[in-house]
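# Residue-level structure breakdown
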Amino acid sequence: MLGALALSPFVIVACGGDDAKTVKHPTNESDGGGSASASETSTASEPVDAAVVGVTDTSQQGIENSSGKGAYDDGFKAWTSGDLQTAKTKFREATTTDPKASAAFYGLGCVLERLGDNAGAQMAYRQAFNVKGDNEIAMGAYALNLAHTGHQGEADTFLTDKHQRNPKSARLEAYLAEVKSLEKDSGSAQQLAQDALRLDPNFKDAMIVIARDHYRSGRTDLAKYAITAVLDGFGQASPARDPGNAEALLLRALIEREAGQRIAAMKDFDAARLKRPDLIEATVQVAAMKLEAGNAAEAQPLLESAVKYAPQNAIAHMNLGDCYRLQQRYADAKRELDQSLALDSTLLGAHYAMGLMYLNAPSFPGMDAKSQVQGALRELNQYLTMRGPKAPAGTSDDIDDLIARGKDKLNELNLATQATATATAATPTGDGGKKP
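All values reported here derive from a predicted model rather than from experimental measurement.

Quick look at the overall build of the protein now. When you go through the protein residue by residue, the secondary structure sums to 19 helices and zero strands. Surface summary for the protein: the accessible area is close to 18,300 Å², and the carbon and sulfur share equals 51%.

In structure tokens:
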């Protein structure tokens, strides 16, 4: 049973855009043990408000009578458990058994996208709509992958052509609206999404696009209004379009969190991830809030699940590294923080967490005390360079104090080394200091 949540933030893993990153760092406690993770609203390649396609069991897209159905079902089960390698194997097996199994090609594309193989994902999506010419979900997935990998113009051209061939498709119009929004053409995005609703007044995905575009453009009140129409409605005359819609819950939670409404945000993030276990952004956000509260034990399984489901998600790896740091699992912390920077070298929060770890750990595997402090200063100064002269509005990182502590530690170690060398030089030998 496979389909796509055509415009759902499936999030972080498979797509992205050029939206700015925001990483908030809570004030450190006196021992420097505060969390470095806080509110990541997007990564350089994976904005949390991005539309993403995903495997779901709401539609089998013609797989019911396929000879590849058994392998497909196995692939879907693997997908739902986060076993991406098995899912890839089984979806590929389904396409080999039945080369016309459009749903299996689409599922394979979703998995490859999560694994970071965008070229392979695009090829699989193309095969999905080539063997089934009306598979608009695969068309949208292909276009969104193009848009999120730096080819927004190509995505726009592709969807414009498909929409001109089928002008009565609300789904294609909504996909095109999403791409226009990513291109920062909010006017066209809003118009296209409204046109999609004129074609199908109950097409909730178009309403999600409207909300997401308002959110991207900083029109929070309008975004909230559109989300309310989806989740709650406005009385009997205008009932909720889709109560419990996971992507609407996620978007509302992001707005709530930015407004400081932590309890409401946590409730909506939790509801979103329980509705959609593959909705990794909701999982990462819940874990980040737990880290902010100092609850690394509860954050750990959430983040381990997130990196399993989304191995290319730099933010999830960074937060997991910070979680391990707080649990004094230093080697594991370094592995995850290194991985986050390998995926996204602009993650200044990873340098901050690494600096805290080196500065505060009683000892670190493979380092002596001096090299550990030098490592702390290197990472903290890198963070400061990337951050700029002032902390982002609404944040506090105590970076100057941390660097000062590091310098003091280094001076103490240098003085101790000098004192030891002086004492050794002054120690008389057994024959009164005379050499033979």
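Here we come to helix α7 (residues 170–182). With 13 residues, α7 extends 19 Å between its outermost C-alpha atoms, agreeing within 8% with the 18 Å of an ideal straight helix rising 1.5 Å per residue. The buried count for α7 comes to 12 of 13 residues, which makes it a mostly enclosed element. By the burial criterion, the buried members of α7 are A170, L172, E173, A174, Y175, L176, A177, E178, V179, K180, S181 and L182. In this structure, the buried side of α7 is in contact with α5 (136–148), α6 (152–165), α8 (186–199) and α9 (204–216). Looking one or two residues beyond α7, the residue adopting positive phi is K184, at roughly 70°.

With 83% of its residues at a pLDDT of at least 70, the protein reaches an overall mean of 85. Ignoring residues within four places in sequence, the model shows residues 1–32, a span with pLDDT below 50, making 172 contacts including any to other chains. Low pLDDT, under 50, characterises residues 37–48; the predicted model gives this stretch 62 contacts beyond four residues in sequence or across chains.

Relative to the elements of secondary structure, N202 occurs in the loop between α8 and α9. Sequence separation of N202 and D242 is 40 residues, and the distance between their C-alpha atoms is 9.2 Å.

Let us look at the packing of aromatic side chains. A complete count under the given rule lists 10 aromatic pairs for this structure. Residues Y106 and Y125 carry aromatic rings whose centres are separated by 5.8 Å and whose planes lie at 35° to one another, so their mutual orientation is tilted. Here Y125 lies in helix α4 (residues 118–131) and Y106 lies in helix α3 (residues 102–114), a separation of 19 residues in the sequence. With a relative accessible area of 2%, Y106 lands in the buried category.

What follows is about the packing of α4 against α5. Interhelical geometry of α4 versus α5 gives an angle of 155° and a closest axis separation of 8 Å. Relative to α5, α4 is oriented roughly antiparallel. Every pair of crossing elements has a handedness; the one defined by α4 and α5 is left-handed. Contact with α4, carried on its side by N118, A121, Q122, Y125, R126, A128 and F129, involves A138, M139, A141, Y142, N145 and L146 of α5 and no other residues of that element.

For the pair helix α13 (residues 280–292) and helix α14 (residues 296–309), interaxial distance at closest approach is 8 Å and the crossing angle is 155°. In terms of orientation, α13 lies roughly antiparallel with respect to α14. The handedness of the crossing between α13 and α14 comes out as left-handed. Here α13 contributes I280, T283, V284, V286, A287, K290 and L291 to the contact with α14, which in turn contributes A296, E298, A299, L302, L303, A306 and Y309.

About the criteria used
- Residues numbered from 1 in each chain as written.
- Predicted model: local features only at pLDDT ≥ 70, side-chain atom pairs only at ≥ 80, totals over all residues.
- Heavy atoms only, no water.
- Helix = DSSP H or I, 4+ residues; strand = E, 2+ residues; numbered from the N terminus.
- Areas by Shrake-Rupley, 256 points an atom, 1.4 Å probe, with all protein chains shown as cover.
- Expected span 1.5 Å × (residues − 1).
- Buried < 20%, exposed > 50% of the residue type's maximum accessible area, 1.4 Å probe, protein only.
- Contact = heavy atoms within 4.5 Å.
- pLDDT = per-residue confidence, 0-100.
- Phe/Tyr/Trp six-rings, centres within 6.5 Å; stacked < 30°, edge-to-face > 60°.
- Axes fitted to C-alpha atoms, helices over the stretch in contact; angles between N-to-C directions.
- Parallel < 35°, antiparallel > 145°, perpendicular 65-115°, else oblique.
- Left-handed = near helix turned anticlockwise from the far one by under 90°.

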